[in-house]
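The lines below spell out each chain.
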Amino acid sequence: MKVLAMLLVALLVVTSFAGCRSAEGGSSGVLSDLPSVTTAATTTPTTAVTTAPTVVPTTVAANPAVKVHTLLTDSHLADIYRTSYKSVFDRVQQNGFFQESVTGRYRGEYVRSIGALACLAAEVNELPAAGRALRFVTNVMKNKNLSYLPFTISADGRTVRTEDELDGRAHFVLGWALYILKTGDRPYFEESYDLMKREADAFCSSTYFYEQFGLVRNRRFTHTRMRNSNDYHDVFDLLTNTFTASALERMIEVATAYGKPEDAVLWQDTLGKIKTGIAKNLTRQVNGKTVYLEQRYYDNGQGNPENGVSWVCLSPIATGFSGVDPQILQNTAAYTRSVLWKDASKGGYLAVESSAGGSIKNWILGKSVGWDLGIAGKAGDWEHICDTLEFLNTYHTQSLYMERMQPSGNSWKLIDCGNGEQVIWFLWGMARVRQAAGLSAKP
């Protein structure tokens, strides 16, 4: 036992100096015929890590799993996770209101973030807070007699913005359904089901669902990508369609469990069509490999494809949608990393987006880090996880997670630390990685 303990200590010391990448280098990755990348971010380990990383690795290539464990438990990054986790769940007031921005950059509560919060709560078992937050929204809908889920709500519930962003509505319906399925909260089901049924029915209506594409149309998709000097896009996008499909899947489960199977007939029919539509119209070929397409612009019904890549390409991992093809998602992640990954002196990061012509917007969007970690955790790609975590541990100098990071001289500028939506999805991805590493999702 003494010899084993000495070996472990020696290995941890070596690993702490060795960084994240294996001495042997990674495999060629899922998209082996794509342009080469200088990091292991596009690789898939040849041997999956099936035990907690605290077990002594038997090969040099397993060292990143040990380094990840240290970064998750005893580092500045671990402080970021703890501080951000506490900020999110402490921020849910007793009446359920959730302030989006603690810096004042964004006013009020963003309903899309409440759906994301419920998804996170289901992952880390913080469901009472999610229940309060969901109720606040549905109570406002009733009090204001709203015909669909709002965009934002003020703290007193009296002022709402009703811009119709379909992806935000799908976030909320998904979160509501997950909460009901996880908790069996019958009283809340009874008081809010009709509102959610109305939303799900709307998703299936000709207002949003287009038979010719088998996809739902989002007329106000908020993007980092500018088109015609506008970051609101009228599109058939991957994010909205996978979140909508997942919301319908969970609503079908709810209706079945609560004795309303007749309500699920329309949803089931539309769900099948969206699955087909995503596979047919939101994929493309890159060097012989199928990857997900970011979006198609409505463009007077033409559905013109966007062939750039961005954080949107990683969004399916967050939905839990059964229609997501695991191989296509891994191909998509590998391709996205091959285009957007940038090395740093410590680790590396994914830039936010690239145009079809290869022009890269070089800053980091908070939630894309969480989604990328979620994909890497599912694949057991410890080298990529380690590089990402080491970058954050070094350059994310504040303990409350950011909305975005931008290069600023030799350092990084952190913007809107504590931003609700971005922090929530970062926590979600980190929770997935922590569980894959044999740790509790809770800090």
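Further up the page is the structure itself.
Cut-offs used in this document
- Residues numbered from 1 in each chain as written.
- Predicted model: local features only at pLDDT ≥ 70, side-chain atom pairs only at ≥ 80, totals over all residues.
- Heavy atoms only, no water.
- Helix = DSSP H or I, 4+ residues; strand = E, 2+ residues; numbered from the N terminus.
- Buried < 20%, exposed > 50% of the residue type's maximum accessible area, 1.4 Å probe, protein only.
- Areas by Shrake-Rupley, 256 points an atom, 1.4 Å probe, with all protein chains shown as cover.
- Axes fitted to C-alpha atoms, helices over the stretch in contact; angles between N-to-C directions.
- Parallel < 35°, antiparallel > 145°, perpendicular 65-115°, else oblique.
- Left-handed = near helix turned anticlockwise from the far one by under 90°.
- Contact = heavy atoms within 4.5 Å.
- Nonpolar A, V, L, I, M, F, W, Y, C, P; charged D, E, K, R; others polar.
- Phe/Tyr/Trp six-rings, centres within 6.5 Å; stacked < 30°, edge-to-face > 60°.
- Salt bridge = Lys/Arg side-chain N within 4 Å of Asp/Glu carboxyl O.
- Pairing = 2+ DSSP bridges.
- Core = buried A, V, L, I, M, F, W, Y, C linked by side-chain atoms within 4.5 Å.

A. Representation of the overall build of the protein chain in the model. A tally of helices and strands in the protein chain yields 13 helices and 19 strands. Per-residue burial over the protein chain gives 58% buried out of 443 residues. Of the accessible surface of the protein chain, which amounts to about 17400 Å², a share of 50% is contributed by carbon and sulfur atoms.

B. Spatial organisation of the packing of helix α3 (residues 76–90) against helix α4 (residues 111–124). Between α3 and α4, whose axes approach to 12 Å, the crossing angle comes to 120°. It follows that α3 is oblique to α4 by the angle criterion. Read as a crossing pair, α3 and α4 show a hand that is left-handed. Of the residues in α4, those touching α3 at Tyr-85, Val-88 and Phe-89 are Leu-117, Leu-120, Ala-121 and Val-124. The residue makeup of the contact of α3 with α4, split by class, is seven nonpolar, no polar and no charged.

C. Spatial organisation of the packing of aromatic side chains. Counted under the stated rule, the structure contains 24 aromatic pairs. Between Phe-189 and Tyr-193 the ring centres are 4.9 Å apart and the planes differ by 40°, which places this aromatic pair in the tilted class. With Phe-189 and Tyr-193 both in helix α7 (residues 186–204) and four residues apart, this pair spans about one turn of that helix. The exposure class assigned to Phe-189 is buried, which follows from its relative accessible area of 0%. The buried category is assigned to Tyr-193, whose relative accessible area is 3%. Both rings, one in Tyr-401 and one in Phe-426, keep their centres 3.8 Å apart while their planes meet at 10°; by these two values the pair is stacked. Of this pair, Tyr-401 sits in the loop between α12 (382–395) and β18 (404–408) while Phe-426 is found in helix α13 (residues 420–436), placing the two residues 25 residues apart along the sequence.

D. Seen up close, the environment of Val-92. Along the polypeptide, Val-92 turns up in the loop between α3 and β1 (109–110). The exposure class assigned to Val-92 is buried, which follows from its relative accessible area of 4%. Here the alpha-carbon distance between Val-92 and Leu-117, two residues 25 residues apart in the chain, equals 9.9 Å. With sequence-adjacent residues up to four places away left out, Val-92 is seen in contact with Phe-97, Phe-98, Leu-117, Ala-129, Arg-132 and Ala-133.

E. Spatial organisation of the pattern of salt bridges. Applying the stated criterion across every chain yields a total of 30 salt bridges. Among the salt bridges present, the one from Arg-112 reaches Asp-167, with a minimum N-O distance of 2.6 Å. Taken together, the positions of Arg-112 in helix α4 and Asp-167 in helix α6 (residues 166–183) put the pair 55 residues apart, joining distant regions of the chain. Judged on exposure class, the residue Arg-112 and its partner Asp-167 are both buried. The partner of Glu-353 in a salt bridge is Arg-225, and the shortest N-O contact between them spans 4.0 Å. Taken together, the residues Glu-353 in strand β15 (residues 353–354) and Arg-225 in strand β6 (residues 218–227) connect sequence positions 128 residues apart. The residues Glu-353 and Arg-225 share a single accessibility class, namely buried.

F. Looking closely at the sheet that holds strand β17 (residues 364–365). If you trace the three strands from one edge of the open sheet to the other, you get β17-β18-β19, paired in antiparallel fashion. Two strands lie at the open edges of the sheet, namely β17 and β19 (411–415), each paired on one side alone. Across the sheet, α12 touches β17, β18 and β19, and the angle it forms with β18 is around 65°.

G. Spatial organisation of the nonpolar core. With 138 residues, the main nonpolar core has Trp-176 and Trp-267 as its most contacted residues. Aside from chain neighbours lying at most four places away, what touches Trp-267 is Tyr-193, Lys-197, Ala-200, Asp-201, Cys-204, Leu-248, Met-251, Ile-252 and Ala-255.

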